[in-house]
2 protein chains.
Amino acid sequence: MKVKVAINGYGTIGKRVADAVSLQDDMEVVGVTKTKPDFEARMGAEKYGLYAAIPDRVKAFEDAGIEVKGTIEDLLEKADIVVDCSPGKVGAENKPLYEKAGVKAIFQGGEKAHVAEVSFSSLANYDDAVGKSFVRVVSCNTTGLARVLSILRDMYELRKVRATMIRRVVDPKEDKKGLVNGIMPDPVKLPSHHAEDVKTVLPDVNIVTTAFKVPTTLMHLHSIAVEIDGNVSVDDVISRFDEEPRIMLFSKEEGFTSTAKIIEFAREYRLRYDLFENAVWRESINFHDGELYITQAIHQEAIVVPENIDAIRAMFELADKQESMKKTNRTLGIA
Amino acid sequence: MKVKVAINGYGTIGKRVADAVSLQDDMEVVGVTKTKPDFEARMGAEKYGLYAAIPDRVKAFEDAGIEVKGTIEDLLEKADIVVDCSPGKVGAENKPLYEKAGVKAIFQGGEKAHVAEVSFSSLANYDDAVGKSFVRVVSCNTTGLARVLSILRDMYELRKVRATMIRRVVDPKEDKKGLVNGIMPDPVKLPSHHAEDVKTVLPDVNIVTTAFKVPTTLMHLHSIAVEIDGNVSVDDVISRFDEEPRIMLFSKEEGFTSTAKIIEFAREYRLRYDLFENAVWRESINFHDGELYITQAIHQEAIVVPENIDAIRAMFELADKQESMKKTNRTLGIA
C-alpha cells in the first residue's frame, strides 16, 4: 500500500516534490493542482493529472484546452496526505479544507509555525513529526542552517551562532519588476526573524541572524560564525560534512568561485539544476578566535524537496530517520 | 601660501579629490595625470591641466588632440604633495618617483599599509598623520567601518566587532565582464583581511570580518554587530551618529528600502551623486543579547574624499583634527 499524495500548487516547490514522490516505492502522486491554466498547469496535467485549486476555475482550464479531472476537493478525496505548495500564507487559508477532508497535510516554510503541530527538518528533528497530522517543513534558508547546525550541535557545545544571509531576490522564473541593482536590508530592523525559525526545529541553539536581498536569482548565501567553547578541529568538521550526503563540499581550487559556478556544475548534474544539498565552500571552514566560520550556498528551489519526502514517511511511520533519509537520498541521487 | 597638490591618476577617486581640493582655501590643484587619452583625460586637461602619467605617452595625448603640459616628473616639480589615485598596487611602484622629487605623498587603500608611514582615517587617528611625509588613506570599506567604530569606541568598551561586507562588484563605469548573477565569497577563506586593515587605524579594536561580492554597482553594505559589555542605549548611539556630519541616518519609513533608494536621493543632493557620508539605517540600530547591530551603506567612489583632504591638512600641519574636519565638511557640503 502506497501513501497517496496530493500536491496543492504545482509551482516551484510543488513540481519538484511531485517528481520526488513519484521516485519513491512507498508513496505515489494522485494529482496536482494549479490556480491558472499556464504552461506549468499543462505539464502537471500531462504528468500527474490536474485539479483546479480554485473550484470555479475549472472552465478556465477547459477553455485553454487543458484537461481537468476535478477540483481540489475531488483530489483530497483520493489522498491520504496533501503537500501544500501554495504561496506563503495561502497554506494557512487552505488548512480548513484539509481538516474537512480528513487528510494529513504538509505546509511549507512560508507559513507561520503555528499552522502545524510541528516544524520539521530531517536532520534536526525527524522524530518530532512521527505520526503527526500537520507538519511544516521549514523554509529553504532555515533548512540550510538547520542541516549544518544539527551536525555541529552533535559535535560541539555551541555558545552562539551568528548567520548573515545574502538572499537571492527572486526565483529565476520571475520577470516582474525586481531589485536589479542594489542591496536591500530585509528586514531593516535587526536581528532578523530567521533565527526564530531555526529555533522551531533546533530549540536549544542560541542563534541570531541578519538578512539582505541582492540582485541574483541563483542561490542564497549564508555566512555563518559559530562561537564554540573549547577546541575545534577543522578537519573533523570537514570530515563530518563530507560524510553527510545532504551537504556537498565545493572548493575554490576547483573553480567554484561563486554561486554562478556552483549552478554551472549543477546544470550538468541534475534535471532543472536542482541542488538538494547544502553547497559548503571547503576553504571557508576555519576556526578563528573561538569561532567556526562556514560559507554555504543554498539552492532555494530545491533544498527542501528531500525534507518533504522524509516528512511524509515520518507522518505515516513508514520508516525511522536513518532509513527514510537513506531512501530519499538514494532515490533523488543524493550521494 | 596654498599647498600645491598634484593628482596622479584622474579616475574615480582622483577626479573627486581634485574637485574637493579646489574647494579649499589652503590648498590648490597644480595638475592631474592620466595614462590614456580618454574622455576623463580631456576633462582633466580642461579643468586642471594634464600631465602624462607615463612619460613616453605624451604623443598619444597630442595625437588625440588633448593638451599635455608635460610628464608626471614635470608635475611633481611644481607640487608640495601628490595624491596618488592610481589603481591598487601601482601606488607602491610610483613611490620612488615621489621620493626622488622630494614631495610628500598620499596613497589610497588599494596599497598595502607599509607603503606609508601611517594609515589614516580622520575620526580614528588624525593626529598620527601630523607632519608625516607618506600617508595611506584607508579603503572605502575600512573608512566606513572606522568612522562608526571610532564613535562607538569613545562611548563604550567594545568586546568584539563582527562585520559582514556585502560589496558592490564593480564601479558603475565598468563595462567589461562582471558578476551579473551570482554571489561571490571574496575571500573564500575566512575571516577576511578587511579586519586587519581596520586595525591599521584602530589598533585597539578587536574586529573580525567576512566579505562577499554581489551584482550591484551602487554601494557597499556593511552588516555590523558590536559585542559590548554592559548597557547600551540605542537612543544615545542614534544621537551621536546624528551629531557626526560624516554619518547620515536614513529611515526605511521615509522610503529608504535599499541602496538604490539612497542613491536616488543622492542624485538630487550632489554632483555625481557623491555620498561622502556613511549611510546608516536608523531602524537597524538595535541592541540585542549583548550586541549592537548597525547596517550601513558606503558609496565606494566618494567616501574617502573628505579623508584625503584632512590628510593633506594633517601632513602640512595646517589645522588640528576638529578644525580640518569642520572645514572639509563645510566646503564639501557635509552637514
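Since we're looking at a predicted model, the values are computed, not measured.

Colleague: Can you help me understand the environment of B:Trp281 in this one?
Modeller: Residue and element names in this part refer to chain B. In this fold, Trp281 is placed in strand β13 (residues 278–281). With 16 residues separating them in the primary sequence, Trp281 and Ala297 have C-alpha atoms 8.2 Å apart. A distance of 2.6 Å separates a polar side-chain atom of Trp281 from the backbone oxygen of Phe256.

Colleague: Looking at this model, I keep getting lost on the UniProt feature "binding site: D-glyceraldehyde 3-phosphate" (unreviewed entry) in chain A. Mind explaining?
Modeller: All names here are of chain A. Within the UniProt annotation, "binding site: D-glyceraldehyde 3-phosphate" (unreviewed entry) is assigned to Ser139, Cys140, Asn141, His194 and Ala195. Of the residues just listed, which span 57 residues, no C-alpha pair is farther apart than 13.1 Å, and they cluster in one region. Tracing the chain through its elements places Ser139 in the loop between β7 (134–137) and α7 (140–155). The contact partners of Ser139, leaving out residues within four places of it in the chain, are Gly109, Asp197 and Val304. For Cys140, the location among the structural elements is in helix α7. Judged by relative accessible area, Cys140 falls into the buried class, the value being 15%. Discounting chain neighbours no more than four positions away, the residues touching Cys140 are His220, Ile298, Gln300, Ile303 and Val304.

Colleague: Even after reading the chapter, I still don't get the environment of A:Phe212, so can you show me in this structure?
Modeller: Structurally, A:Phe212 is set in strand β10 (residues 207–214). Accessibility expressed as a relative area gives 0% for A:Phe212, which makes it buried. A C-alpha to C-alpha distance of 31 Å links A:Phe212 and A:Thr35, two positions 177 residues apart in sequence. When residues no more than four places from it in sequence are discounted, the contact partners of A:Phe212 are A:Thr164, A:Met165, A:Ile166, A:Arg167, A:Ile183, A:Met184, A:Pro185, A:Asp186, B:Ile166, B:Leu221, B:Ser223 and B:Thr295.

Colleague: Before we go on, may I ask you to explain the relation of the copies chain B and chain A in this structure?
Modeller: Laying chain B over chain A is done by rotating through 180° and shifting 0.0 Å along the axis; what remains is an RMSD of 0.0 Å. The transformation relating the two chain copies, once decomposed into turn and shift, fits a two-fold axis. Among all residues of chain B, the minimum C-alpha distance to the rotation axis is found for B:Pro215, at 2.9 Å.

Colleague: How do you make sense of the nonpolar core when you look at a structure like this?
Modeller: As a rule of thumb, soluble globular proteins bury nonpolar side chains together. In this structure, A:Val5, A:Ile7, A:Val21, A:Val32, A:Val83, A:Ile106 and A:Ile312 are the most contacted members of the largest nonpolar core, which totals 45 residues. Of the domains in this structure, domain 1 (3–138 + 305–332) and domain 2 (140–298) of chain A are the two that each give at least three residues to this core. Those residues in contact with A:Val83 that lie beyond four places of it in its chain are A:Val5, A:Ala6, A:Ile7, A:Asn8, A:Val17, A:Ile106, A:Gln108, A:Asn308 and A:Ile312. With 44 residues, the next largest nonpolar core counts B:Ala20, B:Cys140, B:Ile309 and B:Ile312 among its residues.

Colleague: Honestly, the interface of chain B and chain A in this entry has me stumped. Any pointers?
Modeller: A common measure of how large an interface is: the accessible area buried when the components associate. Contacts between the two partners involve 43 residues from chain B and, on the opposite side, 43 residues from chain A. For the pairing of chain B and chain A, the buried interface totals around 3,500 Å² over both sides, and the portion due to carbon and sulfur atoms is 60%. Contact with chain A buries surface across chain B, with B:Asn181, B:Ile183 and B:Val188 losing the most and accounting together for 19% of the total. Scanning the region where chain B abuts chain A turns up 8 salt bridges. Measuring nitrogen to oxygen at the nearest pair gives 2.9 Å for the salt bridge that ties A:Arg162 to B:Glu291. At the surface where chain B touches chain A, the tally comes to 19 residue pairs in polar contact (both at pLDDT 80 or more). Listing elements by their share of the side of chain B that touches chain A, those giving two or more residues are β8 (158–168), β9 (184–185), β10 (207–214), β11 (220–228), α10 (259–269), β14 (286–288) and β15 (291–298) of chain B.

Colleague: Would you mind going over helix α7 (residues 140–155) of chain B with me for this structure?
Modeller: Each turn of an α-helix holds 3.6 residues, which means side chains three or four residues apart point in the same direction. Helix length check: α7(B), at 16 residues, gives a terminal C-alpha distance of 23 Å against a target of 22 Å (1.5 Å per residue), a fit within 8%. The buried fraction of α7(B) amounts to 13 of the 16 residues, a majority that puts the element mostly inside the structure.

Colleague: Would you take a moment to explain the sheet that holds strand β5 (residues 104–107) of chain A for this structure?
Modeller: Pairing between the strands of a sheet comes from backbone hydrogen bonds, and it takes one of two forms, parallel or antiparallel. Residues and elements named next belong to chain A. Judged by pairing direction, the sheet is parallel, and its 7 strands sit side by side in the order β3-β2-β1-β4-β5-β7-β6 without closing on themselves. Edge positions in the open sheet fall to β3 (50–52) and β6 (118–120), since each of these has one partner strand only. Strand after strand, the sheet turns through a mean of 30° between neighbouring axes, direction not considered. Examined bridge by bridge, strand β2 (residues 27–34) and β3 share 3 bridges and lie parallel to one another. Among the inter-strand pairings, Val32 is bridged to a residue of β3, identified as Leu50. Relative to β2, helix α2 (residues 39–48) is tilted by about 150°, and along the sheet it contacts β2 and β3.

Colleague: What exactly am I supposed to notice about the state of the cysteines here?
Modeller: Evaluated as defined, the whole model comprises 0 disulfides over all chains. A:Cys85 takes part in no disulfide bond, and the closest cysteine sulfur, belonging to A:Cys140, lies 13 Å away.

Parameters at a glance
- Residues numbered from 1 in each chain as written.
- Chains lettered and ligands numbered in written order.
- Predicted model: local features only at pLDDT ≥ 70, side-chain atom pairs only at ≥ 80, totals over all residues.
- Heavy atoms only, no water.
- Helix = DSSP H or I, 4+ residues; strand = E, 2+ residues; numbered from the N terminus.
- Polar contact = N/O pair within 3.5 Å; in protein donor to acceptor, adjacent residues only side chain to side chain.
- UniProt positions renumbered as here; feature names shortened; annotations may be inferred.
- Contact = heavy atoms within 4.5 Å.
- Buried < 20%, exposed > 50% of the residue type's maximum accessible area, 1.4 Å probe, protein only.
- Least-squares fit on C-alpha atoms with pLDDT ≥ 70 in both.
- Core = buried A, V, L, I, M, F, W, Y, C linked by side-chain atoms within 4.5 Å.
- Domains from an automatic or database assignment.
- Buried area = accessible area lost by both parts, 1.4 Å probe.
- Salt bridge = Lys/Arg side-chain N within 4 Å of Asp/Glu carboxyl O.
- Expected span 1.5 Å × (residues − 1).
- Pairing = 2+ DSSP bridges.
- Axes fitted to C-alpha atoms, helices over the stretch in contact; angles between N-to-C directions.
- Disulfide = S-S within 2.5 Å.

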